[in-house]
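An overview of the molecular structure
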Amino acid sequence: MSKCITNNLSESQDQQSASLAAKDLLAHAMTPVYRVINGVLVVAVFMVVGLWLSGNGTNAGAFDLARILVPDEARNIVWSNGFGMLEQYKAKNDSPTQMADSEIAAVIYSNKLNPIPTGLNSAKQQTVALLMPSVGQIQVKSISHLADRIPTSKIDPQALDSNLMGSIQNQRAVADFFEKKYKLDRAKIEEYVSNTILVAKEVNIDPVLLLAVISVESNFNPTTKSHAGAEGLMQVMTSVHKDKYELYGGTTEAVKPEVNIRVGAYILKYLIATAGSLRNGLKYYVGAANAEHDGGYADKVLAERNRLISLCQTGSTNRFSLNGKDVRS
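Because the structure is predicted, anything quoted here is derived from the model rather than measured.

**A few points about the packing of helix α6 (residues 186-203) against helix α9 (residues 257-275)**
Direction vectors running N to C along α6 and α9 enclose 40°, while the axes themselves pass 9 Å from each other. As judged from the angle between their axes, α6 and α9 are oblique. When the axes of α6 and α9 are compared, the crossing they make is right-handed. Residues Glu 191, Tyr 192, Asn 195, Thr 196, Leu 198, Val 199, Glu 202 and Val 203 of α6 form the contact with α9, whose participating residues are Pro 257, Glu 258, Ile 261, Arg 262, Ala 265, Tyr 266 and Lys 269. Partitioned by chemical class, the residues of the contact of α6 with α9 number eight nonpolar, two polar and five charged.

Here's what the structure looks like:
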């Protein structure tokens, strides 16, 4: 009897041992699968967090989902507080550096210059190529805390940066074009072009579009004032938008290029988002929102924009080849 019981116990132990061995084998075999699943989950979490933090940087539906899951205010707190602490740490530990390329301006939008460090303001530390690098050193408050509130998904893709003006050669070609067209002082036109590129990065709008608007509105004359009260390069209605000029010390600063272009660029972006298209946004900008026609204003701006685009594209092509031969310069 005891021998039978012993045999049964032995068989039971053997079965348990076999079962444990099978479980161990299965667990060992599934380990790579679990690692892959965990990796996918981690990547997914980082992607969602990244999309949430970057906000409305694209038209992709994932960004919209991220904005629905967590409100913009929470993202703003993360950007302003988190990057504010990072900047304080870097200020204590980093030594100042200088850039080797004289045509590159380090453009810093500092919290000290911006009384409302919301959105991506405190994180906007960019390196921008400018025809006149000294423009990037002008201390002027950013308007990106307003511009960042406008969802990029509502902006006509034609109004977004085509990156044509990222090339110094293209900037020089555009400056040449306007210098000859309006008989302008070379230093001034380089200043206006550089300011426009800088502001376009800040507001997230196409600098070629801004340059076309300035060309049509004021012929690059910053002192131009219309009978209706529009002033500066972008011909902004000072009395209507005086609240925006308070950020820069009041309406007395309205004709300053670095101020006028910022306010005008923000207004234009807002109107494009409100009107639903680039053409309608231009119609709103010229004050013809309730009119049947805009007097050909949008056509003029778009024609000038197309001329600049063609000029940049031709310049880029000629830079690399002529009659099939490399002519890099």
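Having seen the structure, we can now continue with the description.
**Some points on a nonpolar patch on the surface**
Where nonpolar side chains cluster on the molecular surface, the patch consists of Val 33, Tyr 34, Ile 37 and Leu 41 and spans about 370 Å² of accessible area. As for its position among the elements, Ile 37 is in helix α1 (residues 2-54).

**Quick word on the pattern of salt bridges**
Overall, the coordinates contain 12 salt bridges when judged by the stated rule. Between Lys 201 and Asp 161 there is a salt bridge; the shortest N-O distance is 3.6 Å. Of this pair, Lys 201 sits in helix α6 while Asp 161 sits in the loop between α4 (144-147) and α5 (168-182), placing them 40 residues apart in sequence. Residue classification places Lys 201 among the partly exposed positions, given a relative accessible area of 32%. Residue classification places Asp 161 among the partly exposed positions, given a relative accessible area of 26%.

**A word on the environment of Ser 277**
Structurally, Ser 277 is set in the loop between α9 and α10 (278-285). Classification of Ser 277 as buried rests on a relative accessible area of 19%. C-alpha of Ser 277 to C-alpha of Lys 154: the two residues are 123 residues apart in sequence and 8.6 Å apart in space. Each residue touching Ser 277, except ones within four places of it in the same chain, is listed here: Asp 156 and Ile 272.

**What to know about unusual backbone geometry**
Backbone geometry places Lys 183, a non-glycine residue, at a positive phi of 55°. Its place among the elements puts Lys 183 in the loop between α5 and α6. Look at Gln 235: it is not a glycine, yet its phi comes out positive at around 50°. Within the secondary structure, Gln 235 sits in the loop between β3 (230-231) and β4 (236-237).

**Here's the deal with the packing of aromatic side chains**
Across all of its chains, the model carries six aromatic pairs by this definition. With a centroid separation of 5.2 Å and 65° between ring planes, the pair formed by Phe 177 and Phe 178 is classed as edge-to-face. What makes Phe 177 partly exposed here is its relative accessible area of 24%. For Phe 178, a relative accessible area of 0% corresponds to the buried category. Ring centres of Phe 178 and Tyr 182 lie 6.2 Å apart, and the angle between their planes is 10°; this geometry places the pair in the stacked category. Of this pair, Phe 178 and Tyr 182 both sit in helix α5, four residues apart, roughly one helical turn. Side by side, Phe 178 and Tyr 182 carry an identical accessibility label, which is buried. Ring-pair connections join several aromatic residues into one group, and the members of that group are Phe 177, Phe 178, Tyr 182, Tyr 192 and Phe 220.

Rules of the game
- Residues numbered from 1 in each chain as written.
- Predicted model: local features only at pLDDT ≥ 70, side-chain atom pairs only at ≥ 80, totals over all residues.
- Heavy atoms only, no water.
- Axes fitted to C-alpha atoms, helices over the stretch in contact; angles between N-to-C directions.
- Helix = DSSP H or I, 4+ residues; strand = E, 2+ residues; numbered from the N terminus.
- Parallel < 35°, antiparallel > 145°, perpendicular 65-115°, else oblique.
- Left-handed = near helix turned anticlockwise from the far one by under 90°.
- Contact = heavy atoms within 4.5 Å.
- Nonpolar A, V, L, I, M, F, W, Y, C, P; charged D, E, K, R; others polar.
- Patch = residues over 30% accessible without salt bridge, like charges linked within 9 Å, V, L, I, M, F, W, Y side chains within 5 Å.
- Areas by Shrake-Rupley, 256 points an atom, 1.4 Å probe, with all protein chains shown as cover.
- Salt bridge = Lys/Arg side-chain N within 4 Å of Asp/Glu carboxyl O.
- Buried < 20%, exposed > 50% of the residue type's maximum accessible area, 1.4 Å probe, protein only.
- Phe/Tyr/Trp six-rings, centres within 6.5 Å; stacked < 30°, edge-to-face > 60°.

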